[in-house]
Amino acid sequence: MEGLPLPLEGITVVAVEQAVSAPFATRQLADLGARVVKVERIDGGDFARGYDTAAAGLASHFVWCNRGKESIALDLKDPRGLAVVRRLVAGADVFVQNLAQGAAARLGLDAATLCAAHPKLVAVDISGYGAGGPYAGQRAYDMLVQCEAGLVSVTGTPEQPVKAGIPAADVAAAMYAFSGVLAALVRRGTTGRGGPVEVSMLEALAEWMGHPLHHAMHGGTAPARTGLAHAVIAPYDAYPTADGGRVLLSVQNDREWRRLAEQVIGRPELGTDPAFATNAARVAHRDRTDELVGKALGGMGADEAMARLSEAGIACARLRDVHELAEHPQLAARERWREVGTPTGPLRALLPPITLPGGAEPRMGDVPALGQHTGALLRAVGMTDEEIAALRRDGVVA
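Everything numeric in this text was worked out from a predicted model, so none of it was measured.

Draft legend 1. Highlighting the overall build of the protein. Secondary structure summary: the protein contains 17 helices and eleven strands in total. Along the first, second and third principal axes, the C-alpha set of the protein runs to 85 × 45 × 45 Å. Across the protein, contacts joining residues at least 24 apart in sequence account for 66% of those joining residues at least 6 apart. Here the protein displays about 19,800 Å² of accessible surface, and carbon together with sulfur accounts for 56% of that area. Each charge class in the protein can be summarised by its mean position, and for the 39 positive and 45 negative side chains these summaries are 3 Å apart.

This is how it looks when you write it as structure tokens:
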């Protein structure tokens with residue numbers, strides 16, 4: 001029996017997109033089989049192409065968010081360029097845009113306008129703060145939204161709030177745009193109608209802030225910033241090992257503490273000592289608790305510490321850096337790495353985390369060069385070679 005096809009096989013997506021939020025959303029659609037046409041500026045394209053040159057001469061953000069797409073470079077300020085987008089949209093199932101607030105509406109590319117003209121189309125507007133309200137016109141870069149959403153206030157040490165090390169607001173918006181498209185396509189399958197989808201970075205990240213938000217709203221206090229430690233559980237922190245590594249462990253109940261005391265710390269009497277026997281006592285004496293655990297793990301290498309903790313049934317993890325993640329034995333054992341083509345040669349990339357056993361493997365297509373597919377896409381919407389040459393000559397396409 002043949003395997004199932006990719007679930008979005010036959011779906012065409014047109015995206016006027018830049019940076020991370022929309023490109024990451026549409027990359028998920030491409031991985032699952034959709035054809036994604038990426039509309040870029042003629043003068044440099046998606047500005048994420050210029051963020052850095054860390055990925056074999058290409059920008060790491062761009063490589064991450066744009067595999068499997070076709071790139072067409074157009075001047076949308078020229079009516080002829082805008083007309084090309086309209087022709088592409090007429091044959092599409094999904095349209096996604098994350099232009100600056102108001103820019104898509106001025107071009108007639110906002111979701112409401114497009115869905116009125118094309119009832120079967122699913123059209124997505126991604127913005128920083130939403131279409132209305134006092135913040136609608138504010139610039140919305142990822143770190144700004146992390147601050148507005150309170151993420152920075154709960155991340156870091158007691159002395160210093162810090163931003164997340166990944167573009168959390170962009171990724172949150174991308175994943176809600178992705179799931180919003182999937183939901184709207186399911187609805188279209190039952191009603192025959194698409195419709196607008198709206199996602200804001202602030203609202204997406206505010207949802208991800210659910211635990212500290214509910215903790216503060218209903219309990220009166222926000223969770224404390226505690227670095228790698230847990231605010232209300234001890235021991236639950238990262239501890240240095242003899243070889244320069246760090247191992248994080250978590251004791252979830254008093255039975256585990258007794259096992260840790262006996263099998264790892266080597267002092268079974270600590271399991272019943274009133275100063276440490278309960279979690280409340282260990283939190284009250286956190287410095288002494290951490291000192292005991294730290295001294296024990298500080299005499300072992302990271303591998304030995306992990307082995308001893310695992311044998312004792314204590315939840316633990318190595319504090320890995322990004323290079324170590326790239327060589328993580330679990331990802332290797334599960335064969336999660338593939339190669340994708342790019343304008344500068346093949347690069348390693350992770351399979352998407354949605355696994356569909358029994359079906360086709362996710363389509364991890366090439367990262368496109370700017371305007372790589374302009375000619376083919378213009379011909380596909382009915383333009384002659386002479387018309388295309390005229391557009392190129394006039395700087396409308398690239």
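Draft legend 2. Broad picture of the sheet that holds strand β1 (residues 12–16). Taken in spatial order, the six strands line up as β3-β2-β1-β4-β5-β6 in an open sheet, and their pairing is parallel. Two strands bound the open sheet, and with one partner strand each, they are β3 (69–73) and β6 (195–200). Averaged over all adjacent pairs, the angle separating strand axes in this sheet is 20°, with direction ignored. When strand β2 (residues 35–40) meets β3, the two strands line up parallel, connected through five bridges.

Draft legend 3. Examining the packing of aromatic side chains more closely. Applying the stated criterion across every chain yields a total of four aromatic pairs. Note on Phe 24 and Trp 64: the rings are 4.8 Å apart at their centroids and 40° apart in plane angle, and the pair reads as tilted. Placement of the pair is Phe 24 in helix α1 (residues 21–31) and Trp 64 in helix α2 (residues 60–65), with a sequence separation of 40 residues. One cation-aromatic arrangement involves Arg 348 over Trp 337; the distance from NZ or CZ to the ring centre is 4.1 Å.

Draft legend 4. Structural view of the packing of helix α7 (residues 168–191) against helix α8 (residues 201–208). Look at α7 against α8: their axes get within 8 Å of each other, and the N-to-C directions meet at 95°. If you check the angle between α7 and α8, you find them roughly perpendicular. Of α8, the residues touching α7 (which contributes Ala 168, Ala 169, Asp 170, Val 171, Ala 172, Ala 173 and Tyr 176) are Met 201, Ala 204, Leu 205, Glu 207 and Trp 208. Looking at the contact of α7 with α8 residue by residue, the class counts come to ten nonpolar, no polar and two charged.

Draft legend 5. Unusual backbone geometry, seen in detail. Between Ala 234 and the following residue, Pro 235, the backbone shows a cis peptide bond with an omega angle of -5°. Locating Pro 235 in the fold gives a position in the loop between α9 (210–219) and β7 (236–240). Phi is positive for Ala 56, close to 55°, though the residue is something other than glycine. Among the structural elements, Ala 56 can be located in the loop between β2 and α2. Classification of Ala 56 as partly exposed rests on a relative accessible area of 46%.

Draft legend 6. Expanded view of the pairing of strand β11 (residues 347–350). Of the two faces of β11, only the one carrying Leu 347 and Ala 349 is buried; Arg 348 and Leu 350 on the other face are not. Relative to β11, strand β10 (residues 337–340) is paired through four bridges, and the arrangement is antiparallel. Bridging across to β11, Val 340 finds its partner in Leu 347. In this antiparallel pair of consecutive strands, β10 and β11, the connection spans six residues, and Gly 345 shows a positive phi of 115°.

Draft legend 7. Examining empty space enclosed by the protein more closely. Applying the stated criterion to the full structure yields one cavity of 30 Å³ or more. Size it by volume and the largest cavity reaches roughly 30 Å³. In terms of lining, the largest cavity is formed by Gln 28, Asp 31, Leu 32, Phe 178, Pro 352 and Ile 354. Class assignment of the residues belonging to the lining of the largest cavity gives a composition of four nonpolar, one polar and one charged.

Draft legend 8. Inspection of the packing of helix α10 (residues 254–265) against helix α12 (residues 286–298) at higher detail. For the pair α10 and α12, the least separation of the axes is 10 Å and the interaxial angle reads 35°. Seen along the crossing, α10 lies across α12 with a hand that is left-handed. Contacts between α10 and α12 involve Trp 257, Leu 260, Val 264 and Ile 265 from the former and Thr 289, Leu 292, Val 293, Ala 296 and Leu 297 from the latter. Across the contact of α10 with α12, the residue classes break down as eight nonpolar, one polar and no charged.

Rules used throughout
Residues numbered from 1 in each chain as written. Predicted model: local features only at pLDDT ≥ 70, side-chain atom pairs only at ≥ 80, totals over all residues. Heavy atoms only, no water. Helix = DSSP H or I, 4+ residues; strand = E, 2+ residues; numbered from the N terminus. Contact = heavy atoms within 4.5 Å. Areas by Shrake-Rupley, 256 points an atom, 1.4 Å probe, with all protein chains shown as cover. Lys, Arg positive; Asp, Glu negative; His and termini not counted. Charge placed at Lys NZ, Arg CZ, Asp CG, Glu CD. Pairing = 2+ DSSP bridges. Axes fitted to C-alpha atoms, helices over the stretch in contact; angles between N-to-C directions. Phe/Tyr/Trp six-rings, centres within 6.5 Å; stacked < 30°, edge-to-face > 60°. Lys NZ or Arg CZ within 6 Å of the ring centre and 35° of its normal. Parallel < 35°, antiparallel > 145°, perpendicular 65-115°, else oblique. Nonpolar A, V, L, I, M, F, W, Y, C, P; charged D, E, K, R; others polar. Buried < 20%, exposed > 50% of the residue type's maximum accessible area, 1.4 Å probe, protein only. 1 Å grid on protein atoms, 1.4 Å probe; cavity = no way out; pocket = protein on both sides within 12 Å on 5 of 7 lines; lining within 4 Å. Points joined across faces, edges and corners; volume = space filled by probe spheres on them. Left-handed = near helix turned anticlockwise from the far one by under 90°.

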